[in-house]
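# Coordinates in review
Chain by chain, the residues:
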Amino acid sequence: SQKIEQNSEALNIQEGKTATLTCNYTNYSPAYLQWYRQDPGRGPVFLLLIRENEKEKRKERLKVTFDTTLKQSLFHITASQPADSATYLCALVRDYKLSFGAGTTVTVRA
Amino acid sequence: SAVISQKPSRDICQRGTSLTIQCQVDSQVTMMFWYRQQPGQSLTLIATANQGSEATYESGFVIDKFPISRPNLTFSTLTVSNMSPEDSSIYLCSVDPYNEQFFGPGTRLTVL
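Residue indices follow the written sequence of each chain, beginning from 1 at its first position. The naming scheme follows written order: chains are lettered A onward, ligands numbered 1 onward. Totals for whole chains, interfaces and linings use all residues, but because this is a predicted model, local features are given only for residues with pLDDT of at least 70 and pairs of side-chain atoms are given and counted only at 80 or more. Note that the side-chain values use all heavy atoms of the structure and ignore hydrogens as well as water.

## Here we look at the overall build of chain B
The helix and strand labels rest on DSSP assignments: H or I over at least four residues marks a helix, E over at least two residues marks a strand, and numbering proceeds from the N terminus. The helix and strand tally for chain B stands at zero helices and eleven strands. Put simply, chain B runs from its N terminus to its C terminus through helices and strands in the order β-β-β-β-β-β-β-β-β-β-β. Expected size for 112 residues packed as a compact globule is a radius of gyration near 13 Å; at 13 Å, chain B falls within 12% of this value. Structurally, chain B occupies a C-alpha span of about 40 × 25 × 20 Å along its principal axes. For chain B, the proportion of its 112 residues judged to be buried stands at 50%. Note that accessible areas follow from Shrake-Rupley with a 1.4 Å probe, and for residues the cover is restricted to the protein chains shown. Total accessible area computed for chain B in this model is approximately 5,300 Å², and 48% of it derives from carbon and sulfur atoms. If you average the places of the 7 positive and of the 9 negative side-chain charges in chain B, the two averages end up 9 Å apart. Our radius of gyration is a C-alpha quantity, and the globule rule it is checked against amounts to 2.2 Å times the number of residues to the power 0.38. Note on exposure labels: buried denotes an accessible area under 20% of the residue type's maximum, exposed denotes more than 50%, and partly exposed covers the range between, all computed with a 1.4 Å probe on protein chains only. Charged-residue counts in this description rest on Lys and Arg as positive and Asp and Glu as negative, His and the chain ends being excluded. Working definition for charges: the position is that of NZ of Lys, CZ of Arg, CG of Asp or CD of Glu.

## Describing the packing of aromatic side chains
Stacked, tilted and edge-to-face are the three classes assigned to paired rings of Phe, Tyr and Trp, where Trp is represented by its six-membered ring and a pair needs centres within 6.5 Å; plane angles under 30 degrees give stacked, over 60 edge-to-face, the rest tilted. In this structure the tally under the stated criterion is eleven aromatic pairs over all chains. Centroid distance F75 of chain A to Y88 of chain A: 5.5 Å. Interplanar angle 35 degrees. Geometry classified as tilted. Taken together, the residues F75 of chain A in strand β8 (residues 72-77) and Y88 of chain A in strand β9 (residues 86-94) connect sequence positions 13 residues apart. Measuring from ring centre to ring centre gives 6.5 Å for F66 of chain B and Y91 of chain B, while their planes differ by 45 degrees; the resulting arrangement is tilted. Separated by 25 residues along the polypeptide, F66 of chain B in the loop between β6 (56-57) and β7 (68-72) and Y91 of chain B in strand β9 (residues 89-95) bring together distant segments of the chain. F66 of chain B gets classed as buried once you look at its relative accessible area, which sits at 3%. On the basis of relative accessible area, Y91 of chain B is assigned to the buried category, the value being 0%. Ring-pair connections join several aromatic residues into one group, and the members of that group are Y36, F46 and F100 of chain A together with Y35 and F103 of chain B.

What is shown is where atoms sit, not what they do.
In structure tokens, the structure reads:
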């Protein structure tokens, strides 16, 4: 059966550093992959989408890579800020249906 | 973008009862999705609701337990029937008009 795994541990980093989150998957061929941010008590908010034929996407301080051979996506938050503290979810998409990973909680210390 | 509202935002219910959750979108969309997020876990897709047709349920979810209505292109309801404490979760609806999903704020359900 398909499996989506994100960093199992929460990530605690110092303000200004880069946070790198991992999303690995098996038994799945997504058309594209998305990253979401979720704050406590709220629904996920879309951040970035990367397609299977794209290697890298950037948006402001965010960068996503997608390696379909390794079946892995990396999500980077550069120059992190305390406001970046949240849970980040990766989602694999096929036929408009999303399959989510469990999420990685990031805490940025001032 | 799409703005989604849900009602109620939270509820506490007794086991054996049913709760209907409403989802309203500010624009017309073809597909609406219902997700469940159990405590400390990620989101799981319950079903996809298209206007004018029966909802499509994912493995592990059945229409008798989670009946869905989709009367028009901006509205949907999800009913959680014959509730048990295991149904305590956050229920979210979402839409995907532009290859990115927009989520509602969720309905936090507690079943006693």
